[in-house]
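So the chains spell out like this:
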Amino acid sequence: MIELLKRKFCTIIKIPYQIINNFIIRPFISFRFDKTYNIDTRSSASINCDDKIALSHATYYQAVPIKYLEILFDLLQHDSPYTHFIDIGCGKGRACFYASQKYKQVTGIDFSKNLIANAQENLKSYSGTINGKIIFELRDASLYDLPNETSLIYLYNPFDEYVLRKFIKRNMGHFLNYKSRIAYINDVCHDFLIKCGFTREFKHNAERGISIYSLDKSRIY
Ligand SMILES: C[S@@+](CC[C@H](N)C(=O)[O-])C[C@H]1O[C@@H](n2cnc3c(N)ncnc32)[C@H](O)[C@@H]1O
């Protein structure tokens, strides 16, 4: 009986907390991040791309909540700053700016012309310190070759399995040769990665799930 009451109480408390968190706390923290670094990653924007097929498999632009980045970077605290951080579907670049506080080389790619233009404008106005280099490139993930170096591939649920399959297939040689990992927030294609031979090293049970994957070569035939 007490357990049941406790559970009911928690559910009643959880709903207003989520409303306050989603509509007040989270937007305020995002506002503060943008204000501190003199950038704009918050405002929504449509995707501008001529490739109708890629477009039909894409997620709309939504900047990652700062809280998720804090959780992820806590998980990555022992990762080398010389790992190349690559945001696949970077939008206006929020995760790249955040990552540049740790990583020396940061790349953001996106297939949307206006979003990459916004990211580049943000790079010009960015007032934070950049430890190394940040670049933003107009590229489609399914045609993108990862560089020949250990990288941290960051995904905030940018597209569905159709594009992820193309990306992984194209870059399987990279994953076999380098100790690159995939940091995946809202990992809706978890099963697909496991099928490809990846294993989940960490999972944080945030609202949307934050996971880190690496290729398990013993499962590749
Ligand atoms: C949910 S937003 C993520 C934004 C950013 N990564 C972040 O963490 O704030 C998804 C982004 O993926 C991009 N995208 C979707 N399909 C893509 C593709 N095939 N190639 C490159 N970018 C893509 C969209 O344009 C959009 O900006």
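Above this note sits the structure.
Residues numbered from 1 in each chain as written. Predicted model: local features only at pLDDT ≥ 70, side-chain atom pairs only at ≥ 80, totals over all residues.

> If you had to explain the nonpolar core to someone new, which residues and values would you point to?
Counting 52 residues, the largest nonpolar core has I88, A95, Y154 and A183 as its most contacted members. Sequence-distant contacts of A95, defined by excluding residues within four places in its chain, comprise V64, L69, D87, C90, Y154 and Y156. (Core = buried A, V, L, I, M, F, W, Y, C linked by C-beta atoms within 7 Å. Buried ≥ 20, exposed ≤ 12 C-beta atoms within 10 Å, placed from the backbone. Contact = placed C-beta atoms within 7 Å.)

> So what's going on with the pairing of strand β1 (residues 84–88)? Residues and values would help.
Most of β1 sits out of view: five of its five residues are buried. Here β1 shows a buried face lined by H84, I86 and I88 and a second buried face lined by F85 and D87. Of the crossover connections in this fold, the one passing from β1 over helix α4 (residues 94–99) to the parallel strand β2 (residues 105–110) is right-handed. Here β1 runs beside strand β4 (residues 151–156); their pairing, made up of four bridges, is parallel. Across the sheet, residue H84 finds its bridge partner in β4, namely S151. (Helix = DSSP H or I, 4+ residues; strand = E, 2+ residues; numbered from the N terminus. Right-handed = clockwise from strand over helix to strand, strands pointing away. Pairing = 2+ DSSP bridges.)

> Before we move on, could you go through the site of the ligand and cite the residues and values that matter?
Not every one of the 27 residues close to the ligand is listed here, only the nearest: A58, V64, G89, G91 and P158. Listing elements by their share of the shell around the ligand, those giving two or more residues are α4 and β2. Looking at side-chain class alone, the shell around the ligand contains 16 nonpolar, seven polar and four charged residues. (Near = placed C-beta within 6 Å. Nonpolar A, V, L, I, M, F, W, Y, C, P; charged D, E, K, R; others polar.)

> So what's going on with the sheet that holds β1? Residues and values would help.
The mixed open sheet is built from seven strands, whose spatial order is β3-β2-β1-β4-β5-β7-β6. The sheet is open, and its two edges are formed by β3 (133–138) and β6 (198–204), each paired on a single side. For this sheet the average axis-to-axis angle between neighbouring strands, irrespective of direction, equals 20°. Pairing of β4 with strand β5 (residues 181–185), which is carried by five bridges, proceeds in the parallel orientation. Looking across to β5, one finds that L152 is bridged to R181. Against the sheet, helix α3 (residues 66–75) engages β5, β6 and β7 (210–215), with an angle of about 40° to β7. Its contacts with the sheet place helix α5 (residues 113–125) against β2 and β3, and it is angled at close to 160° to β3. (Axes fitted to C-alpha atoms, helices over the stretch in contact; angles between N-to-C directions.)

> I'd like a rundown of the environment of F23, residues and numbers included.
Assignment of secondary structure puts F23 in helix α1 (residues 2–37). Here F23 falls in the exposed class, since 10 other C-beta atoms lie within 10 Å of it.

> Outline the environment of K217, supporting the account with residue identities and numerical values.
For K217, the location among the structural elements is in the segment after β7. On the neighbour-count criterion, K217 (9 C-beta atoms within 10 Å) is exposed.

> Explain the pairing of β5 to me, using residue names and the numbers behind them.
Along any regular strand the residues' side chains alternate between the sheet's two faces. Burial of β5 is extensive: five of the five residues sit out of reach of the surface. Both faces of β5 are covered, namely the face carrying R181, A183 and I185 and the face carrying I182 and Y184. The parallel pair β4 and β5 is bridged by helix α6 (residues 161–177), and the resulting crossover is right-handed. Examined bridge by bridge, β5 and β7 share five bridges and lie antiparallel to one another. For R181, the partnering residue across the bridge sits in β7 and is S214.

> Just give me the short version of unusual backbone geometry, but keep the residues and values in it.
Its identity as a non-glycine residue notwithstanding, N38 has a phi of 55°, on the positive side. The phi angle at N186 is positive, at roughly 60°, despite the residue not being glycine.

> How would you sum up α1? Please name residues and give values.
Compared with an ideal rise of 1.5 Å per residue, which puts 36 residues at 52 Å, α1 spans 48 Å between its outermost C-alpha atoms and is within 8% of the ideal. Where burial is concerned, little of α1 is hidden: two out of the 36 residues are buried. (Expected span 1.5 Å × (residues − 1).)

> Summarise α3; cite the residues concerned and give the values.
Those residues of α3 lying buried are Y68, L69 and L72. The buried residues of α3 all sit within an arc of 100° when viewed along its axis, so they share a single face. Those residues of α3 that are exposed and angled more than 90 degrees off the buried face are E70 and D74. (Arc of directions from axis to C-beta.)

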